Every structure is written in C-alpha cells, then in structure tokens.
Amino acid sequence: MGSLVVVNRIVFLSGGIAHAAYGGVGLAIFFGLSPTLGILGFSLLVAMIMSAVSLKARHRADTIIGVLWALGMALGVLLVDLTPGYNVDLMSFPFWQHSRCHQL
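Keep in mind that what you see is a predicted model, and the values were worked out from it rather than measured. (Residues numbered from 1 in each chain as written. Predicted model: local features only at pLDDT ≥ 70, side-chain atom pairs only at ≥ 80, totals over all residues. Heavy atoms only, no water.)

Novice: Which parts of the structure should I look at to understand helix α2 (residues 13-31)?
Specialist: Three or four residues apart is the spacing at which side chains of an α-helix point the same way, because the helix has 3.6 residues per turn. Between the first and last C-alpha of α2 there are 27 Å, a value that for 19 residues agrees with the 27 Å anticipated at 1.5 Å per step. Among all positions of α2, only Gly 15, Gly 16, Ala 20, Ala 21, Tyr 22, Gly 23, Gly 24, Val 25, Gly 26, Ala 28 and Ile 29 are buried. Note on α2: the residue one or two positions beyond its end, Gly 32, has a positive phi of about 75°. (Helix = DSSP H or I, 4+ residues; strand = E, 2+ residues; numbered from the N terminus. Expected span 1.5 Å × (residues − 1). Buried < 20%, exposed > 50% of the residue type's maximum accessible area, 1.4 Å probe, protein only.)

Structure follows, in structure tokens:
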C-alpha cells in the first residue's frame, strides 16, 4: 500500500485534508455555525478537489495537496482572527473538542 501511495504521489493526502480542516473551523466560527459542521463540509470539499486533481493531473497531485493544505490553514487562522469579539487560542481547538467528547 505504501508503494502505491508514493507512486501515485498522494503521500500528503490525509495530512492535507486534516490540516485544511482548519479552514472549516474558521468559516464556521466566522459565520456563527458549529465548528464540527464547518470541519465536515470543508473537509469533504477539499477531499473532492484533491481527488479530482489526482485523477486529472497525477504528476501534480502532491503540489495541489500542499497548496490546499496551506490555503485551508491560512483561511482558518485569518477568519478566526477577523471574527469580531472572538478571542481563542486556535491551537487548543483539537484538544478542546477531544476533551469535550470524553466528558459527554
């Protein structure tokens, strides 16, 4: 399986989707929605874009995945920062969500 991933140039696929999910966090917080819904929607969108690019331009798949990774994270950080009255440590979000699930 590892050889297939390397040959198809999709090594960063899971990391790209996971890190681009911060764009969904930023969008959800900016528009006052649930961060979980933002993550789900944005991750699905990014995954569809990555799969379309991987099918059409295999030789550029890693490049596009890296670009979407960076754009997603940058969008998330910018939108959280631009949200009026919202002051939070963005890096604490994954740990907050994880600890919140264990409390339920």
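Novice: I would appreciate a short explanation of a nonpolar patch on the surface in the present structure.
Specialist: Taken together, Phe 30, Phe 31, Leu 33, Leu 78 and Leu 82 make up a surface patch of nonpolar side chains, about 540 Å² in accessible area. Breaking the nonpolar patch down by element, the ones donating at least two residues are α2 and α4 (61-82). (Patch = residues over 30% accessible without salt bridge, like charges linked within 9 Å, V, L, I, M, F, W, Y side chains within 5 Å. Areas by Shrake-Rupley, 256 points an atom, 1.4 Å probe, with all protein chains shown as cover. Salt bridge = Lys/Arg side-chain N within 4 Å of Asp/Glu carboxyl O.)

Novice: Would you mind showing me how to read α4 here?
Specialist: With 22 residues, α4 should cover 32 Å at 1.5 Å per step; its first-to-last C-alpha distance of 31 Å lies within 8% of that length. By the burial criterion, the buried members of α4 are Ala 61, Ile 65, Leu 68, Gly 72, Gly 76, Leu 79 and Val 80. Along the axis of α4, the buried positions cluster into a sector of 100°, meaning they face one direction only. Exposed residues pointing more than 90 degrees away from the buried face of α4 are listed as Thr 63, Leu 71, Leu 78, Asp 81 and Leu 82. (Arc of directions from axis to C-beta.)

Novice: Is there a simple way to think about the packing of aromatic side chains in this case?
Specialist: The geometry of an aromatic ring pair is captured by the separation of the ring centres together with the interplanar angle, meaning the angle of the planes. Throughout the structure, instances matching the rule amount to one aromatic pair. The interplanar angle of 85° and the centroid separation of 5.2 Å between the aromatic rings of Phe 30 and Phe 31 together place this pair among those described as edge-to-face. Phe 31 sits in the exposed class, given a relative accessible area of 55%. (Phe/Tyr/Trp six-rings, centres within 6.5 Å; stacked < 30°, edge-to-face > 60°.)

Novice: Is there a simple way to explain the environment of Ala 61 in this structure?
Specialist: Positionally, Ala 61 belongs in helix α4. Separated by ten residues in the primary sequence, Ala 61 and Ser 51 place their C-alpha atoms 8.6 Å from one another.

Novice: What am I meant to see in the nonpolar core here?
Specialist: Soluble globular proteins: nonpolar side chains tend toward being buried together. If you look at the biggest cluster of nonpolar residues, it comprises six residues: Ala 20, Phe 42, Val 46, Met 50, Ile 65 and Leu 68. Among the secondary structure elements, those contributing two or more residues to this core are α3 (35-56) and α4. Here this core takes three residues from α3, the largest share from any one element. (Core = buried A, V, L, I, M, F, W, Y, C linked by side-chain atoms within 4.5 Å.)

Novice: Help me understand the side chain of Ser 43, please; the structure alone is not making it clear to me.
Specialist: Examined against the element boundaries, Ser 43 turns out to sit in helix α3. A residue is classified by how much of its surface remains accessible, and Ser 43, at 14% relative accessible area, is buried.

Novice: Hey, could you run me through the packing of α2 against α4 in this one?
Specialist: When two helices pack together, their arrangement is given by the angle between the helix axes and by the axis-to-axis distance. Here α2 crosses α4 at 25°, and the two axes come no closer than 7 Å. Judged by the inter-axis angle, α2 sits roughly parallel to α4. The handedness of the crossing between α2 and α4 comes out as left-handed. Along its contact with α2, which presents Leu 13, Gly 15, Gly 16, His 19, Ala 20, Tyr 22, Gly 23, Gly 26, Leu 27, Ile 29 and Phe 30, the element α4 presents Ile 65, Leu 68, Trp 69, Gly 72, Met 73, Leu 75, Gly 76, Leu 79, Val 80 and Leu 82. When its residues are assigned to classes, the contact of α2 with α4 shows 14 nonpolar, seven polar and no charged. (Axes fitted to C-alpha atoms, helices over the stretch in contact; angles between N-to-C directions. Parallel < 35°, antiparallel > 145°, perpendicular 65-115°, else oblique. Left-handed = near helix turned anticlockwise from the far one by under 90°. Contact = heavy atoms within 4.5 Å. Nonpolar A, V, L, I, M, F, W, Y, C, P; charged D, E, K, R; others polar.)

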